[in-house]
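Overview (structure and organization)
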Amino acid sequence: MHRPGFILQQNPIRNINYQSIMKLHTIWGLLITLLCTQLQAQNIEPRVSEQVELMSILARSANYQEYHMDMAGSYIHDIDSCFTAWSDHPAVSYMKDIRKKHGISYDAVMSMALCLQKGEQQELTLIPEAKKSLGSRWKKVDLTEFLPLLSDFYQKTRFHEFFQAHQSFYERGLKAYRDSVLQHFDVDWYAPFYGKAPQETFSVIIGFCNGGGNYGPSLKENGIPTKVFAIVGYIADKQNRPMYNRGYLSTLVHEFNHSFINYLLDKQKFPQHVSALQDCGSQLISTSQWAMRQQAYGNWQDIISESLVRAAVVCYLKDHDYPSQDVIHEIKQQMQRNFRWMPQLVTLLTSYQKQRDTYPTFEAFYPEIIRFFNHYVDQEEQAIRTAAEN
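Let me begin by describing the structure that accompanies this report. (Residues numbered from 1 in each chain as written. Predicted model: local features only at pLDDT ≥ 70, side-chain atom pairs only at ≥ 80, totals over all residues. Heavy atoms only, no water.)

On to the overall build of the protein chain, then. Along the backbone of the protein chain there are 16 helices and 6 strands. A buried classification covers 48% of the 390 residues belonging to the protein chain. A separation threshold of at least 6 residues defines the contact pool for the protein chain, and within that pool the share at least 24 residues apart is 78%. Surface summary for the protein chain: the accessible area is close to 19400 Å², and the carbon and sulfur share equals 51%. (Helix = DSSP H or I, 4+ residues; strand = E, 2+ residues; numbered from the N terminus. Buried < 20%, exposed > 50% of the residue type's maximum accessible area, 1.4 Å probe, protein only. Contact = heavy atoms within 4.5 Å. Areas by Shrake-Rupley, 256 points an atom, 1.4 Å probe, with all protein chains shown as cover.)

Structure follows, in structure tokens:
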């Protein structure tokens, strides 16, 4: 079935009442002020997490390549000195096994880290109600077997002593991130762009063993707002100095975009979005499967949401008057990752920004996003058929 072409529908202007328009703009302005205040009040600060360091070092010990980038200078030497002797520990073997059997890797490792709590006897258990935040891959893992092994690894390696001994190292990294990245971060941008007050709390955690890996997991507990995390990697130069600069800002913008975008493909809340995008999303993944798997994106929902998150990063750069060469570089970088529709998608989101009277929220604009992806896939499929038949 041929899908309708992508056309932004304009509402005709009739019987203009300028007084009503002025009232509308006043109300919109007050709303945006309230939304900005709510997000800004969170006072986002970077921190280090013992559980994140534990899980990333355990994953590194199990030869997870994404946690074996070895970019943290002398910290990597310290890790090897303290943990190589424990490479045959049952927890390490278990991590190897669940990677092969259940695909535990990349963000799944960090999701587990956020769900862990430490008891008085240094035993590690799940935070109550946190299991639902682990994701589908962990559902196949016997946690009654894994968690005691993890606790034993934590205790026998004297991990807490290792963590405490590196506090000054961690603080240098946190300070560098705070001074070089966070001070340039405009947290006020999100609410006006999405037209939606954040329902979550936001935190930044540096994963000192994560190298160039960055993750955006969340933690849901009963009775409190969902906690959204940007777990950012760490890279040091040959003099062991943190290599953070303003260029890392796009990663932070990226991770926090997820909480404003991913929920729009929740099949319980927005079944109409899922049904309208399923066919074209499946086509997109069929033509980019290899590249997306290299980035740990395994389903079409990931591709749609990641596309929008990355296009929104470009909008952030444009809104903050980044040089055109930086904006072009960001777009090309996403195209290299096989988000080949990025130029057109950025153009679409720019049109959204120019029509906020028609589309006061990103959610209200989502039908146009559905129209865009369906049209893009139709055009690409037609080009493939034409190439094959001529």
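So much for the structure itself; the text now carries on.
Residues lying three or four places apart along an α-helix face the same way, a consequence of the helix completing one turn every 3.6 residues. The terminal C-alpha atoms of helix H6 (residues 143-156) lie 20 Å apart, and with 14 residues this matches the ideal 20 Å at 1.5 Å per residue to within 8%. Here H6 has its buried residues at Leu143, Phe146, Leu147, Leu150, Ser151, Phe153 and Tyr154. Seen along its axis, H6 keeps its buried residues to an arc of 160 degrees; they face one direction. Of the residues trailing H6, arginine 158 is marked for its positive phi of about 55 degrees. (Expected span 1.5 Å × (residues − 1). Arc of directions from axis to C-beta.)

The final tally for this structure, using the stated rule, is 16 salt bridges. Two residues, glutamate 50 and lysine 118, come together in a salt bridge whose shortest N-O distance is 3.5 Å. Of this pair, glutamate 50 sits in helix H2 (residues 50-61) while lysine 118 sits in strand S2 (residues 116-118), and the two are 68 residues apart along the sequence. Using a relative accessible area of 35% as the deciding quantity, one classes lysine 118 as partly exposed. Across the salt bridge formed by aspartate 80 and arginine 60, the nearest N and O atoms sit 2.6 Å from each other. (Salt bridge = Lys/Arg side-chain N within 4 Å of Asp/Glu carboxyl O.)

Where strands meet in a sheet, backbone hydrogen bonds hold them as pairs that are either parallel or antiparallel. Pairing in this open sheet of 4 strands is mixed, and the strands run S1-S4-S6-S5 from one edge to the other. What marks the edges here is a single partner per strand, and that holds for strand S1 (46-47) and strand S5 (218-219). Summarising the sheet, S1 and strand S4 (residues 201-206) pair through 2 bridges and their orientation is parallel. Note on S4: the bridge partner recorded for proline 46 is valine 204. (Pairing = 2+ DSSP bridges.)

Our next topic: the nonpolar core. Counting 125 residues, the largest nonpolar core has Met55, Phe146, Phe185 and Phe362 as the members making the most contacts within it. Sorting elements by how many residues they give to this core places helix H13 (residues 300-319) first, with 12 residues. For phenylalanine 146, the residues in contact, after removing those within four places along its chain, are Met55, Tyr94, Met95, Met112, Trp138 and Val141. (Core = buried A, V, L, I, M, F, W, Y, C linked by side-chain atoms within 4.5 Å.)

Bringing the side chain of asparagine 257 into the picture now. With respect to the helices, strands and loops of the structure, asparagine 257 is situated in helix H10 (residues 249-261). Among the polar contacts listed, one links the side chain of asparagine 257 to the side chain of tyrosine 194, at a separation of 2.7 Å. Contacts of asparagine 257, omitting those with residues within four sequence positions, involve Trp189, Tyr190, Tyr194, Val309, Ala312 and Val313. (Polar contact = N/O pair within 3.5 Å; in protein donor to acceptor, adjacent residues only side chain to side chain.)

Another aspect to go through is the packing of H2 against helix H4 (residues 90-102). At their nearest, the axes of H2 and H4 sit 8 Å apart, and the two run at 75 degrees to each other. Taken together, the axes of H2 and H4 lie roughly perpendicular to each other. For the pair H2 and H4, the contacting residues are Met55, Leu58, Ala59 and Ser61 in the first and Ala91, Val92, Met95 and Lys96 in the second. Counted by class, the contact of H2 with H4 contains 6 nonpolar, 1 polar and 1 charged residues. (Axes fitted to C-alpha atoms, helices over the stretch in contact; angles between N-to-C directions. Parallel < 35°, antiparallel > 145°, perpendicular 65-115°, else oblique. Nonpolar A, V, L, I, M, F, W, Y, C, P; charged D, E, K, R; others polar.)

Turning our attention to the packing of aromatic side chains. Centre distance and the angle of the planes are the two values used to describe a pair of aromatic rings. Enumeration according to the criterion identifies 44 aromatic pairs in this entry. Relative to tyrosine 352, the ring of phenylalanine 193 lies with its centre 5.6 Å away and its plane at 85 degrees, an arrangement referred to as edge-to-face. With phenylalanine 193 in helix H9 (residues 190-194) and tyrosine 352 in helix H15 (residues 342-353), this residue pair connects regions lying 159 residues apart in the sequence. Like phenylalanine 193, the residue tyrosine 352 is buried in the burial classification. When the centroid spacing of 6.1 Å and the interplanar angle of 80 degrees are considered together, the rings of phenylalanine 339 and tryptophan 341 count as edge-to-face. (Phe/Tyr/Trp six-rings, centres within 6.5 Å; stacked < 30°, edge-to-face > 60°.)

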